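# Residue-level structural notes
The chain contents come next:
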Amino acid sequence: MTRHDDRAHENRFKTLAVGSAENATHPNEGGTSDVIPPVHLSSTFEWASGDDGNEHDYSRESNPTRAALEGQLARLEGGEHGLAFASGMAAISTTMLSLVPPGGHLVSSDSIYSGTEKLLTEFIAGHFGVNVEFVDAHNPENVAATVDSDTDLVWTETPTNPLMRLCDIRSIANIADDHGIPFGVDSTFASPYFQAPLELGADIVVHSTTKYLNGHSDSIGGAIVTDDDEVFENLAFSQRIGLGNMLSPFDCYLVARGIKTLPARMEQHEENAMAVARLLEDHDHIARVYYPGLESHPQHDLAVEQMSGYSGMLSFEFDGSLTETEAFVKGLNVFTPGASLGGVESLVEVPSLMIPDEVSHGSDTADIPETLVRLSVGIEGVDDLREDLRTALP
(Lines give C-alpha, C1' and ligand atoms only; values in the text may rest on other atoms or scores of the structure.)
Protein backbone atom coordinates (compact mmCIF):
# COMPACT_ATOMS: atom_id res chain seq x y z
CA MET A 1 0.00 0.00 0.00
CA THR A 2 1.62 3.23 -1.16
CA ARG A 3 -0.84 6.07 -1.51
CA HIS A 4 1.79 8.57 -2.65
CA ASP A 5 2.55 6.31 -5.65
CA ASP A 6 -1.12 6.13 -6.59
CA ARG A 7 -2.18 9.62 -7.53
CA ALA A 8 -5.74 8.59 -8.38
CA HIS A 9 -6.14 7.04 -4.92
CA GLU A 10 -4.62 10.09 -3.24
CA ASN A 11 -6.83 12.50 -5.16
CA ARG A 12 -9.89 10.38 -4.39
CA PHE A 13 -9.06 10.47 -0.67
CA LYS A 14 -8.80 14.27 -0.78
CA THR A 15 -12.17 14.51 -2.48
CA LEU A 16 -13.75 12.19 0.10
CA ALA A 17 -12.22 14.25 2.92
CA VAL A 18 -13.72 17.48 1.61
CA GLY A 19 -17.03 15.68 1.15
CA SER A 20 -18.00 17.45 -2.06
CA ALA A 21 -18.82 14.25 -3.96
CA GLU A 22 -21.36 12.93 -1.47
CA ASN A 23 -22.85 16.40 -0.93
CA ALA A 24 -23.57 16.62 -4.64
CA THR A 25 -25.06 13.14 -4.75
CA HIS A 26 -27.00 13.37 -1.50
CA PRO A 27 -28.16 16.97 -0.88
CA ASN A 28 -28.93 17.95 2.67
CA GLU A 29 -32.35 17.52 4.18
CA GLY A 30 -34.97 20.24 4.09
CA GLY A 31 -34.17 21.63 0.66
CA THR A 32 -31.81 24.32 2.01
CA SER A 33 -28.87 23.14 -0.14
CA ASP A 34 -26.28 23.66 2.60
CA VAL A 35 -22.74 23.13 1.37
CA ILE A 36 -21.84 22.16 4.94
CA PRO A 37 -24.13 19.59 6.62
CA PRO A 38 -26.07 21.37 9.41
CA VAL A 39 -25.75 20.61 13.12
CA HIS A 40 -28.84 18.78 14.39
CA LEU A 41 -28.99 19.47 18.13
CA SER A 42 -32.44 18.03 18.71
CA SER A 43 -32.58 15.13 21.14
CA THR A 44 -35.77 13.75 19.60
CA PHE A 45 -37.57 13.85 16.25
CA GLU A 46 -41.24 13.84 15.28
CA TRP A 47 -42.53 10.31 14.91
CA ALA A 48 -44.40 9.17 11.83
CA SER A 49 -45.18 5.80 10.29
CA GLY A 50 -45.02 4.35 6.81
CA ASP A 51 -43.68 6.47 3.98
CA ASP A 52 -43.62 9.51 6.26
CA GLY A 53 -41.38 7.75 8.82
CA ASN A 54 -38.19 9.47 9.91
CA GLU A 55 -34.81 7.75 9.78
CA HIS A 56 -34.03 9.31 13.16
CA ASP A 57 -36.18 9.02 16.28
CA TYR A 58 -33.93 9.74 19.26
CA SER A 59 -30.39 11.14 19.13
CA ARG A 60 -28.82 8.55 21.39
CA GLU A 61 -29.71 5.92 18.81
CA SER A 62 -29.31 8.00 15.66
CA ASN A 63 -28.66 11.64 14.85
CA PRO A 64 -28.34 13.16 11.36
CA THR A 65 -25.09 15.00 12.14
CA ARG A 66 -23.50 11.92 13.68
CA ALA A 67 -24.72 9.71 10.85
CA ALA A 68 -23.10 12.05 8.32
CA LEU A 69 -19.77 11.91 10.18
CA GLU A 70 -19.92 8.14 10.60
CA GLY A 71 -20.47 7.72 6.88
CA GLN A 72 -17.56 10.04 6.16
CA LEU A 73 -15.27 8.09 8.51
CA ALA A 74 -16.22 4.80 6.85
CA ARG A 75 -15.47 6.17 3.40
CA LEU A 76 -12.06 7.48 4.47
CA GLU A 77 -11.04 4.10 5.90
CA GLY A 78 -12.54 2.07 3.07
CA GLY A 79 -14.95 0.35 5.46
CA GLU A 80 -18.64 -0.37 5.38
CA HIS A 81 -19.60 1.02 8.79
CA GLY A 82 -18.46 3.89 11.01
CA LEU A 83 -19.31 4.76 14.62
CA ALA A 84 -18.47 7.98 16.48
CA PHE A 85 -17.85 7.94 20.24
CA ALA A 86 -17.37 10.43 23.07
CA SER A 87 -13.61 9.70 23.24
CA GLY A 88 -10.94 7.44 21.84
CA MET A 89 -10.98 5.40 25.05
CA ALA A 90 -14.75 5.02 24.69
CA ALA A 91 -14.20 3.53 21.24
CA ILE A 92 -11.51 1.16 22.53
CA SER A 93 -13.48 0.03 25.59
CA THR A 94 -16.62 -0.51 23.49
CA THR A 95 -14.65 -2.70 21.10
CA MET A 96 -13.33 -4.88 23.91
CA LEU A 97 -16.55 -5.06 25.94
CA SER A 98 -18.59 -5.90 22.83
CA LEU A 99 -16.35 -8.59 21.37
CA VAL A 100 -14.75 -10.27 24.40
CA PRO A 101 -17.11 -12.08 26.80
CA PRO A 102 -16.47 -12.36 30.56
CA GLY A 103 -13.81 -15.00 31.06
CA GLY A 104 -12.73 -14.69 27.43
CA HIS A 105 -9.26 -14.42 25.92
CA LEU A 106 -7.72 -11.25 24.48
CA VAL A 107 -4.25 -11.02 22.94
CA SER A 108 -2.73 -7.53 22.91
CA SER A 109 0.53 -6.00 21.81
CA ASP A 110 2.64 -5.17 24.87
CA SER A 111 3.54 -1.73 23.48
CA ILE A 112 0.33 0.29 23.67
CA TYR A 113 -0.99 3.55 25.08
CA SER A 114 -0.85 3.40 28.87
CA GLY A 115 -4.56 4.19 29.14
CA THR A 116 -5.36 1.15 27.02
CA GLU A 117 -3.00 -0.97 29.12
CA LYS A 118 -4.77 0.11 32.31
CA LEU A 119 -8.17 -0.54 30.72
CA LEU A 120 -7.09 -4.08 29.89
CA THR A 121 -5.46 -4.96 33.20
CA GLU A 122 -7.64 -3.12 35.71
CA PHE A 123 -11.05 -3.22 34.02
CA ILE A 124 -11.29 -5.87 31.32
CA ALA A 125 -9.25 -8.41 33.25
CA GLY A 126 -9.96 -7.16 36.77
CA HIS A 127 -13.75 -6.82 36.53
CA PHE A 128 -14.68 -9.31 33.82
CA GLY A 129 -12.14 -12.04 34.37
CA VAL A 130 -10.81 -11.82 30.82
CA ASN A 131 -7.49 -13.54 30.25
CA VAL A 132 -5.44 -10.70 28.74
CA GLU A 133 -2.10 -11.80 27.30
CA PHE A 134 0.46 -9.19 26.28
CA VAL A 135 2.95 -10.19 23.60
CA ASP A 136 5.74 -8.50 21.69
CA ALA A 137 3.60 -8.10 18.58
CA HIS A 138 6.39 -6.45 16.62
CA ASN A 139 7.34 -10.03 15.79
CA PRO A 140 4.17 -11.63 14.34
CA GLU A 141 5.43 -15.07 15.35
CA ASN A 142 4.79 -14.12 18.98
CA VAL A 143 1.15 -13.42 18.13
CA ALA A 144 0.85 -16.72 16.28
CA ALA A 145 2.27 -18.56 19.31
CA THR A 146 -0.27 -16.97 21.69
CA VAL A 147 -3.50 -17.01 19.70
CA ASP A 148 -5.62 -20.16 19.89
CA SER A 149 -9.14 -21.34 19.10
CA ASP A 150 -10.46 -19.73 22.30
CA THR A 151 -9.10 -16.24 21.55
CA ASP A 152 -11.82 -13.60 21.10
CA LEU A 153 -9.84 -10.55 19.93
CA VAL A 154 -6.34 -9.54 18.81
CA TRP A 155 -5.42 -5.91 19.54
CA THR A 156 -2.49 -3.78 18.39
CA GLU A 157 -1.48 -0.14 18.08
CA THR A 158 0.76 1.04 15.26
CA PRO A 159 2.70 3.29 15.34
CA THR A 160 2.85 3.00 19.12
CA ASN A 161 2.74 5.72 21.75
CA PRO A 162 5.36 6.97 22.57
CA LEU A 163 8.17 4.85 21.05
CA MET A 164 6.89 4.79 17.46
CA ARG A 165 7.17 1.02 17.14
CA LEU A 166 5.30 -0.72 14.35
CA CYS A 167 3.26 -3.90 14.04
CA ASP A 168 3.03 -5.78 10.75
CA ILE A 169 -0.70 -5.37 10.14
CA ARG A 170 -0.94 -7.73 7.18
CA SER A 171 0.93 -10.57 8.91
CA ILE A 172 -1.10 -10.31 12.11
CA ALA A 173 -4.33 -10.03 10.09
CA ASN A 174 -3.48 -13.32 8.38
CA ILE A 175 -2.91 -14.98 11.76
CA ALA A 176 -6.22 -13.70 13.13
CA ASP A 177 -8.04 -14.70 9.95
CA ASP A 178 -6.68 -18.25 10.16
CA HIS A 179 -8.41 -18.56 13.55
CA GLY A 180 -11.53 -16.58 12.62
CA ILE A 181 -10.71 -13.93 15.24
CA PRO A 182 -11.48 -10.19 14.93
CA PHE A 183 -8.32 -8.07 14.68
CA GLY A 184 -8.41 -4.44 15.84
CA VAL A 185 -5.84 -1.72 15.17
CA ASP A 186 -5.49 1.65 16.89
CA SER A 187 -4.26 3.75 13.96
CA THR A 188 -4.53 7.17 15.62
CA PHE A 189 -0.89 8.20 15.09
CA ALA A 190 -1.00 7.51 11.35
CA SER A 191 -4.49 8.86 10.58
CA PRO A 192 -6.51 7.39 7.68
CA TYR A 193 -4.42 9.43 5.26
CA PHE A 194 -1.17 7.59 5.95
CA GLN A 195 -2.37 4.10 6.89
CA ALA A 196 -5.33 1.91 5.91
CA PRO A 197 -5.53 -1.11 8.27
CA LEU A 198 -8.70 -2.49 6.68
CA GLU A 199 -6.97 -2.65 3.31
CA LEU A 200 -4.18 -4.63 4.99
CA GLY A 201 -6.61 -7.19 6.42
CA ALA A 202 -7.63 -5.79 9.82
CA ASP A 203 -11.31 -6.08 10.79
CA ILE A 204 -11.55 -2.98 13.01
CA VAL A 205 -9.72 0.33 12.99
CA VAL A 206 -9.98 2.75 15.91
CA HIS A 207 -9.05 6.43 16.14
CA SER A 208 -9.04 9.07 18.78
CA THR A 209 -10.71 11.75 16.66
CA THR A 210 -9.38 14.22 19.23
CA LYS A 211 -6.07 13.95 17.40
CA TYR A 212 -5.45 14.25 13.66
CA LEU A 213 -8.99 13.71 12.40
CA ASN A 214 -10.26 16.80 14.24
CA GLY A 215 -6.85 18.43 14.13
CA HIS A 216 -7.62 21.63 16.03
CA SER A 217 -7.48 20.60 19.71
CA ASP A 218 -11.06 21.68 20.36
CA SER A 219 -12.98 18.39 20.50
CA ILE A 220 -12.71 15.08 22.36
CA GLY A 221 -13.94 12.05 20.42
CA GLY A 222 -13.32 8.57 19.09
CA ALA A 223 -14.21 6.46 16.06
CA ILE A 224 -14.50 2.85 14.97
CA VAL A 225 -14.67 1.71 11.36
CA THR A 226 -15.24 -1.90 10.31
CA ASP A 227 -16.14 -3.85 7.20
CA ASP A 228 -17.51 -6.80 9.18
CA ASP A 229 -21.32 -6.71 9.43
CA GLU A 230 -21.53 -8.91 12.53
CA VAL A 231 -18.86 -6.94 14.35
CA PHE A 232 -20.66 -3.73 13.46
CA GLU A 233 -23.98 -4.97 14.84
CA ASN A 234 -22.33 -5.82 18.16
CA LEU A 235 -20.53 -2.49 18.36
CA ALA A 236 -23.55 -0.45 17.29
CA PHE A 237 -25.75 -2.11 19.93
CA SER A 238 -23.18 -1.32 22.61
CA GLN A 239 -22.81 2.27 21.45
CA ARG A 240 -26.50 3.10 21.16
CA ILE A 241 -28.19 0.86 23.71
CA GLY A 242 -25.78 -0.98 26.01
CA LEU A 243 -23.41 1.87 26.85
CA GLY A 244 -25.05 4.91 25.27
CA ASN A 245 -21.63 6.35 24.49
CA MET A 246 -21.79 8.49 21.38
CA LEU A 247 -20.27 11.73 20.14
CA SER A 248 -22.41 14.86 20.56
CA PRO A 249 -23.78 16.55 17.42
CA PHE A 250 -21.63 19.65 17.82
CA ASP A 251 -18.46 17.59 18.29
CA CYS A 252 -19.46 15.58 15.22
CA TYR A 253 -19.63 18.85 13.32
CA LEU A 254 -16.16 19.85 14.57
CA VAL A 255 -14.61 16.53 13.54
CA ALA A 256 -16.30 16.63 10.13
CA ARG A 257 -14.98 20.16 9.65
CA GLY A 258 -11.48 19.06 10.62
CA ILE A 259 -11.51 16.10 8.23
CA LYS A 260 -11.92 18.45 5.26
CA THR A 261 -8.33 19.64 5.71
CA LEU A 262 -6.89 16.31 6.89
CA PRO A 263 -4.85 15.55 3.72
CA ALA A 264 -3.31 19.02 3.56
CA ARG A 265 -2.54 19.02 7.27
CA MET A 266 -1.04 15.52 7.27
CA GLU A 267 1.30 16.35 4.41
CA GLN A 268 2.55 19.42 6.28
CA HIS A 269 2.82 17.51 9.57
CA GLU A 270 4.98 14.90 7.85
CA GLU A 271 7.17 17.41 6.02
CA ASN A 272 7.85 19.31 9.25
CA ALA A 273 8.37 16.16 11.32
CA MET A 274 10.92 14.78 8.86
CA ALA A 275 12.88 18.03 8.96
CA VAL A 276 12.79 18.07 12.77
CA ALA A 277 13.78 14.40 12.98
CA ARG A 278 16.81 14.93 10.75
CA LEU A 279 17.87 17.96 12.79
CA LEU A 280 17.64 16.00 16.03
CA GLU A 281 19.39 12.96 14.58
CA ASP A 282 22.45 15.08 13.82
CA HIS A 283 22.58 16.83 17.22
CA ASP A 284 25.26 15.92 19.78
CA HIS A 285 22.86 16.06 22.74
CA ILE A 286 20.33 13.65 21.25
CA ALA A 287 21.05 9.98 21.91
CA ARG A 288 18.39 8.48 19.66
CA VAL A 289 15.47 9.56 17.50
CA TYR A 290 12.33 7.44 17.03
CA TYR A 291 10.63 8.31 13.73
CA PRO A 292 9.48 5.68 11.20
CA GLY A 293 10.41 7.96 8.31
CA LEU A 294 14.10 7.86 9.17
CA GLU A 295 16.25 5.19 7.57
CA SER A 296 17.75 4.61 11.04
CA HIS A 297 14.39 3.43 12.43
CA PRO A 298 14.71 -0.36 12.90
CA GLN A 299 11.34 -0.92 11.20
CA HIS A 300 11.70 1.64 8.44
CA ASP A 301 11.22 -0.99 5.72
CA LEU A 302 7.91 -2.05 7.28
CA ALA A 303 6.86 1.59 7.50
CA VAL A 304 7.56 2.02 3.78
CA GLU A 305 5.55 -1.13 3.04
CA GLN A 306 2.39 -0.45 5.05
CA MET A 307 2.28 3.33 5.40
CA SER A 308 2.09 5.97 2.69
CA GLY A 309 3.63 8.58 4.98
CA TYR A 310 5.01 8.89 8.49
CA SER A 311 2.81 11.48 10.19
CA GLY A 312 3.89 14.19 12.61
CA MET A 313 4.74 12.17 15.74
CA LEU A 314 8.30 11.48 16.87
CA SER A 315 10.22 10.88 20.08
CA PHE A 316 13.84 11.20 21.05
CA GLU A 317 16.12 10.45 23.97
CA PHE A 318 17.76 13.54 25.40
CA ASP A 319 21.43 12.89 26.19
CA GLY A 320 21.55 14.36 29.67
CA SER A 321 19.86 14.34 33.07
CA LEU A 322 16.16 14.70 33.70
CA THR A 323 16.85 18.18 35.09
CA GLU A 324 18.60 19.13 31.85
CA THR A 325 15.71 17.66 29.87
CA GLU A 326 13.26 19.82 31.82
CA ALA A 327 15.42 22.90 31.18
CA PHE A 328 15.35 22.11 27.45
CA VAL A 329 11.54 21.98 27.47
CA LYS A 330 11.32 25.26 29.38
CA GLY A 331 13.57 26.85 26.77
CA LEU A 332 11.13 26.16 23.94
CA ASN A 333 8.84 28.91 22.69
CA VAL A 334 7.06 27.50 19.63
CA PHE A 335 6.59 24.00 21.04
CA THR A 336 4.07 24.11 23.90
CA PRO A 337 4.29 21.59 26.78
CA GLY A 338 1.13 19.51 26.51
CA ALA A 339 -0.05 15.93 26.80
CA SER A 340 -2.16 15.60 23.66
CA LEU A 341 -1.17 15.45 19.99
CA GLY A 342 -2.32 15.78 16.42
CA GLY A 343 -3.38 19.43 16.44
CA VAL A 344 -2.12 22.12 14.12
CA GLU A 345 0.09 23.45 16.93
CA SER A 346 3.36 21.82 17.98
CA LEU A 347 3.42 20.19 21.42
CA VAL A 348 6.20 18.69 23.52
CA GLU A 349 5.83 16.10 26.27
CA VAL A 350 8.27 14.42 28.66
CA PRO A 351 6.26 11.41 29.91
CA SER A 352 8.34 10.86 33.05
CA LEU A 353 7.75 14.50 34.10
CA MET A 354 4.26 15.21 32.83
CA ILE A 355 2.42 11.88 33.15
CA PRO A 356 4.53 9.78 35.58
CA ASP A 357 1.53 7.69 36.72
CA GLU A 358 0.88 6.59 33.17
CA VAL A 359 4.54 5.77 32.56
CA SER A 360 4.63 3.64 35.71
CA HIS A 361 1.72 1.59 34.33
CA GLY A 362 3.43 1.00 30.99
CA SER A 363 4.16 -2.49 29.75
CA ASP A 364 7.33 -4.25 30.87
CA THR A 365 8.95 -4.21 27.44
CA ALA A 366 8.07 -0.63 26.54
CA ASP A 367 11.15 0.62 28.44
CA ILE A 368 10.28 4.30 28.22
CA PRO A 369 13.53 6.16 29.02
CA GLU A 370 13.40 8.80 31.75
CA THR A 371 14.66 11.45 29.34
CA LEU A 372 12.36 10.49 26.48
CA VAL A 373 10.80 13.54 24.80
CA ARG A 374 7.76 13.19 22.54
CA LEU A 375 7.00 15.80 19.91
CA SER A 376 3.73 16.35 18.11
CA VAL A 377 5.06 18.41 15.23
CA GLY A 378 2.52 20.94 14.02
CA ILE A 379 2.11 22.83 10.76
CA GLU A 380 3.97 26.02 11.71
CA GLY A 381 6.86 27.30 9.60
CA VAL A 382 9.50 24.59 9.61
CA ASP A 383 12.34 27.09 10.00
CA ASP A 384 10.72 28.43 13.14
CA LEU A 385 10.36 24.91 14.55
CA ARG A 386 13.99 24.02 13.88
CA GLU A 387 15.25 27.31 15.28
CA ASP A 388 13.15 26.81 18.42
CA LEU A 389 14.80 23.43 18.99
CA ARG A 390 18.30 24.69 18.21
CA THR A 391 17.90 27.54 20.68
CA ALA A 392 16.62 25.33 23.49
CA LEU A 393 19.15 22.51 23.03
CA PRO A 394 22.50 22.84 24.85
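Definitions and cut-offs
- Residues numbered from 1 in each chain as written.
- Predicted model: local features only at pLDDT ≥ 70, side-chain atom pairs only at ≥ 80, totals over all residues.
- Heavy atoms only, no water.
- Helix = DSSP H or I, 4+ residues; strand = E, 2+ residues; numbered from the N terminus.
- Buried < 20%, exposed > 50% of the residue type's maximum accessible area, 1.4 Å probe, protein only.
- Contact = heavy atoms within 4.5 Å.
- Areas by Shrake-Rupley, 256 points an atom, 1.4 Å probe, with all protein chains shown as cover.
- Lys, Arg positive; Asp, Glu negative; His and termini not counted.
- Charge placed at Lys NZ, Arg CZ, Asp CG, Glu CD.
- Expected span 1.5 Å × (residues − 1).
- Phe/Tyr/Trp six-rings, centres within 6.5 Å; stacked < 30°, edge-to-face > 60°.
- 1 Å grid on protein atoms, 1.4 Å probe; cavity = no way out; pocket = protein on both sides within 12 Å on 5 of 7 lines; lining within 4 Å.
- Points joined across faces, edges and corners; volume = space filled by probe spheres on them.
- Core = buried A, V, L, I, M, F, W, Y, C linked by side-chain atoms within 4.5 Å.
- Patch = residues over 30% accessible without salt bridge, like charges linked within 9 Å, V, L, I, M, F, W, Y side chains within 5 Å.
- Salt bridge = Lys/Arg side-chain N within 4 Å of Asp/Glu carboxyl O.
- Axes fitted to C-alpha atoms, helices over the stretch in contact; angles between N-to-C directions.
- Parallel < 35°, antiparallel > 145°, perpendicular 65-115°, else oblique.
- Left-handed = near helix turned anticlockwise from the far one by under 90°.
- Nonpolar A, V, L, I, M, F, W, Y, C, P; charged D, E, K, R; others polar.
- Polar contact = N/O pair within 3.5 Å; in protein donor to acceptor, adjacent residues only side chain to side chain.
- Pairing = 2+ DSSP bridges.
- pLDDT = per-residue confidence, 0-100.

### Remarks on the overall build of the protein chain
- In terms of regular secondary structure, the protein chain is built from 16 helices and 12 strands.
- Its C-alpha atoms give the protein chain principal-axis dimensions of about 70 × 50 × 40 Å.
- Burial analysis of the protein chain (394 residues in total) assigns 54% to the buried set.
- Within the protein chain, contacts between residues separated by at least 24 positions form 72% of all contacts whose residues are at least 6 apart in sequence.
- Of the roughly 16200 Å² of accessible surface on the protein chain, 48% is carried by carbon and sulfur atoms.
- Counting 21 positive and 63 negative side-chain charges, the protein chain places the centres of these two groups 7 Å from one another.

### Some remarks on helix H11 (residues 262-281)
- Counted at 1.5 Å a residue, the expected span for H11 with its 20 residues is 28 Å, and the 28 Å between its end C-alpha atoms agrees.
- Of all 20 residues in H11, 14 are buried, a share of seventy percent or more.

### Notes on the packing of aromatic side chains
- What the rule picks out here adds up to seven aromatic pairs.
- Consider the rings of Phe316 and Phe328, whose centres lie 6.0 Å apart with planes at 75°: the pair is edge-to-face. Taken together, the residues span a long stretch of sequence, with Phe316 in strand E9 (residues 313-318) and Phe328 in helix H13 (residues 322-330) at a distance of 12 residues. Here Phe316 and Phe328 have matching classes, each one buried.

### Section: empty space enclosed by the protein
- Applying the stated criterion across every chain yields a total of one cavity of 30 Å³ or more.
- Its volume calculated, the largest cavity comes out at about 30 Å³.

### A word on the environment of Gly184
- Secondary-structure assignment places Gly184 in strand E5 (residues 183-186).
- Taking the C-alpha atoms as reference points, Gly184 and Ile204, 20 residues apart in sequence, are found 4.5 Å from one another.
- Filtering out sequence-adjacent residues up to four positions away, Gly184 remains in contact with Leu153, Val154, Trp155, Thr156 and Ile204.

### A closer look at the nonpolar core
- Ranked by internal contacts, the top residues of the largest apolar core, which has 62 residues, are Leu280, Leu314, Phe316, Phe328 and Leu375.
- Sorting elements by how many residues they give to this core places H11 first, with eight residues.
- Sequence-distant contacts of Phe316, that is, excluding residues within four places in its chain, are made with Leu280, Ile286, Arg288, Val289, Tyr290, Phe328, Thr371, Leu372, Val373 and Leu375.
- Core analysis: the second largest hydrophobic core is formed by 24 residues, Ala91, Leu119, Leu235 and Ala236 among them.

### A closer look at a negative patch on the surface
- A cluster of like negative charges, contributed by Glu80, Asp227, Asp229 and Glu233, occupies part of the molecular surface.
- Among the secondary structure elements, Asp229 is positioned in helix H9 (residues 229-242).
- On the accessibility criterion, Asp229 (52% relative accessible area) is exposed.

### Some points on the packing of H11 against helix H16 (residues 382-392)
- In contact at an axis separation of 10 Å, H11 and H16 are set at 30° when each is read in the N-to-C sense. The orientation of H11 relative to H16 falls into the category roughly parallel. Pair H11 / H16 crosses with right-handed handedness. From H11, Asn272, Ala275, Val276, Leu279 and Leu280 reach across to H16, where they touch Val382, Leu385, Arg386, Leu389 and Arg390.
- Considering only residue class, the contact of H11 with H16 consists of seven nonpolar, one polar and two charged.

### Some words on the side chain of Asp168
- Tracing the backbone through its elements, the reader meets Asp168 in the loop between strand E4 (153-157) and helix H7 (169-178).
- Despite being buried, Asp168 has no salt bridge partner; Arg170 is the closest side chain of opposite charge, sitting 6.1 Å away.
- In this structure the side chain of Asp168 is engaged in a polar contact, spanning 2.9 Å, whose partner is the side chain of Ser171.
- Residue contacts for Asp168: discarding those within four places in its chain leaves Pro140, Leu302 and Gln306.

### Digging into the sheet that holds strand E7 (residues 222-226)
- Pairing within the open sheet is mixed, and its seven strands lie in the order E1-E7-E6-E5-E4-E2-E3. This sheet does not close on itself; its edge strands, each paired only once, are strand E1 (81-85) and strand E3 (131-135). The mean angle between the axes of side-by-side strands here comes to 20°, regardless of whether they run parallel or antiparallel.
- Pairing of strand E6 (residues 204-208) with E7 involves five bridges; the strand directions are antiparallel. Its bridge partner being in E7, Ile204 is matched across the sheet by Thr226.
- Across the sheet, helix H3 (residues 64-77) lies against E1, E6 and E7, angled at about 125° from E1, the strand it touches most.

### Some points on the confidence of the model for the protein chain
- The predicted model of the protein chain has a mean per-residue pLDDT of 92, with 91% of residues at 70 or higher.
- Note on residues 361-365: pLDDT is under 50 here. Beyond four places in sequence and across chains, it has seven contacts.

### With respect to the sheet that holds strand E8 (residues 286-290)
- Taken together, the five strands give an open sheet; going across it, the order is E8-E9-E12-E11-E10, and neighbouring strands pair in mixed fashion. Where the open sheet ends on each side, the last strands, each with one partner, are E8 and strand E10 (336-337).
- Set on the sheet, H11 makes contact with E8, E9 and strand E12 (372-376); between it and E9 the angle comes to about 15°.
- Taken strand by strand, H13 contacts E9, E10, strand E11 (347-349) and E12, and its axis lies near 135° from that of E9.

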